[in-house]
Amino acid sequence: MSPKILVLTPTYEERENLRPFVAALWRTLPAADLLVIDDGSPDGTGALADELAAADARIGVRHRPRKLGLGTAYREGFLHALAEGYDLIFQMDADRSHDPRHLPAMLRAVAHGADVVLGSRAVAGGGVVGWGLGRHVLSRGGSLYARTILGLPLRDLTTGYRAFTRRALEIIDVGSLGSNGYAFQIETAYRAWQRGLHVIEVPIVFVDRRAGRSKLGRTVLAEAVLMPWRLRWPASW
């Protein structure tokens, strides 16, 4: 039997990107379901998501009252996936930086035994289009910093393009995850590795957003700096 698949995409001010994102997703993975988790976008992203959902039973929408953070959105989505019996869960950004053409390779990795698949910009065949030097340094430096502290062999700890099996989410215990932003990506990867799950990296080409603006802020960066230390020595915090 084919796995029951859910794609999760948190949104905040992604109205310009949402419709083309959904169209591209269906061209590649038409048998999946999609859950949009909107944090009260003032640009009408949530209303557009409702419009798309009304026309397509594969799409679900969750509305949250304000910007509550990436990590809380994914936790909510993961718990929904477990409650609804999904077998495989993808997380993707709606800004079209995560190209659905990489989904088949991630599906093949799961079929060959992976519990968690990271869409990696930092392995052979992966890369980034459209970033300046500062973003490259921030991304690569952040992954190097985190994996050095945590002792992980994984190259791209901050990628937001991922696949999790149901078993992985249960073993990670997603309801107990406590971080957001880049730190959430680091925490899930570390917990998966620490608990003996089979984590592999599949190369992706990340294309910088075509519309809208980045949501990266100082609070997200500060949490990402502290989180590896908290994970490595939890008793000290």
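Everything discussed here concerns the structure shown above.
Below, the structure is looked at part by part. (Residues numbered from 1 in each chain as written. Predicted model: local features only at pLDDT ≥ 70, side-chain atom pairs only at ≥ 80, totals over all residues. Heavy atoms only, no water.)

### Brief notes about the pattern of salt bridges
So, point 1. Taken as a whole, this structure holds 10 salt bridges when the rule is applied.
So, point 2. A salt bridge links Arg58 to Asp56, with the nearest nitrogen and oxygen atoms 2.8 Å apart.
So, point 3. Since its relative accessible area comes to 27%, Arg58 is described here as partly exposed.
So, point 4. Here Arg121 makes a salt bridge to Asp156, at a shortest N to O gap of 2.8 Å. (Salt bridge = Lys/Arg side-chain N within 4 Å of Asp/Glu carboxyl O. Buried < 20%, exposed > 50% of the residue type's maximum accessible area, 1.4 Å probe, protein only.)

### Examining the environment of Thr28
So, point 1. In this fold, Thr28 is placed in helix H1 (residues 15-28).
So, point 2. As for Thr28 and Pro100, which are separated by 72 residues in sequence, their C-alpha atoms are 6.2 Å apart.
So, point 3. For Thr28, the contacting residues outside a window of four places in its chain are Pro100, Arg101, Leu103 and Pro104. (Helix = DSSP H or I, 4+ residues; strand = E, 2+ residues; numbered from the N terminus. Contact = heavy atoms within 4.5 Å.)

### Some thoughts on the sheet that holds strand S5 (residues 116-120)
So, point 1. Ordered in space as S3-S2-S1-S4-S7-S5-S8, the seven strands form an open sheet in which the pairing is mixed. Edge positions in the open sheet fall to strand S3 (59-63) and strand S8 (199-203), since each of these has one partner strand only. The mean inter-strand angle of the sheet, taken between neighbouring strand axes irrespective of direction, is 20°.
So, point 2. With five bridges connecting them, S5 and S8 associate as parallel partners. The partner of Leu118 across the bridge, within S8, is Glu201. (Pairing = 2+ DSSP bridges. Axes fitted to C-alpha atoms, helices over the stretch in contact; angles between N-to-C directions.)

### Here's the deal with helix H2 (residues 45-55)
So, point 1. For H2, every residue scored as buried is listed here: Thr45, Gly46, Leu48, Ala49, Leu52 and Ala53. Down the axis of H2, the sector holding all buried residues measures 160°, keeping them to one side. For H2, the exposed residues lying more than 90 degrees away from the buried face are Ala47, Ala54 and Ala55.
So, point 2. Against strand S1 (5-11), H1, strand S2 (33-38) and S3 lie the buried residues of H2. (Arc of directions from axis to C-beta.)

### Concerning the nonpolar core
So, point 1. Counting residues in each nonpolar core, the largest one holds 34 residues, and the members touching the most others are Phe78 and Val116.
So, point 2. At the level of secondary structure, the elements contributing two or more residues to this core comprise S1, S2, helix H3 (70-83), S5, helix H5 (133-150), helix H6 (166-172), helix H7 (181-194) and helix H8 (218-232).
So, point 3. In terms of residue count, the dominant contributor to this core is H7 (six residues).
So, point 4. Not counting the four nearest positions on each side in its chain, Val116 is found in contact with Ala163, Phe164, Ala168, Ala192, Leu197, His198, Val199 and Ile200.
So, point 5. Of all hydrophobic cores here, the second largest spans 29 residues; its members include Trp26, Leu29, Ala49 and Ala109. (Core = buried A, V, L, I, M, F, W, Y, C linked by side-chain atoms within 4.5 Å.)

By themselves, these are just geometric observations and shouldn't be taken as functional.
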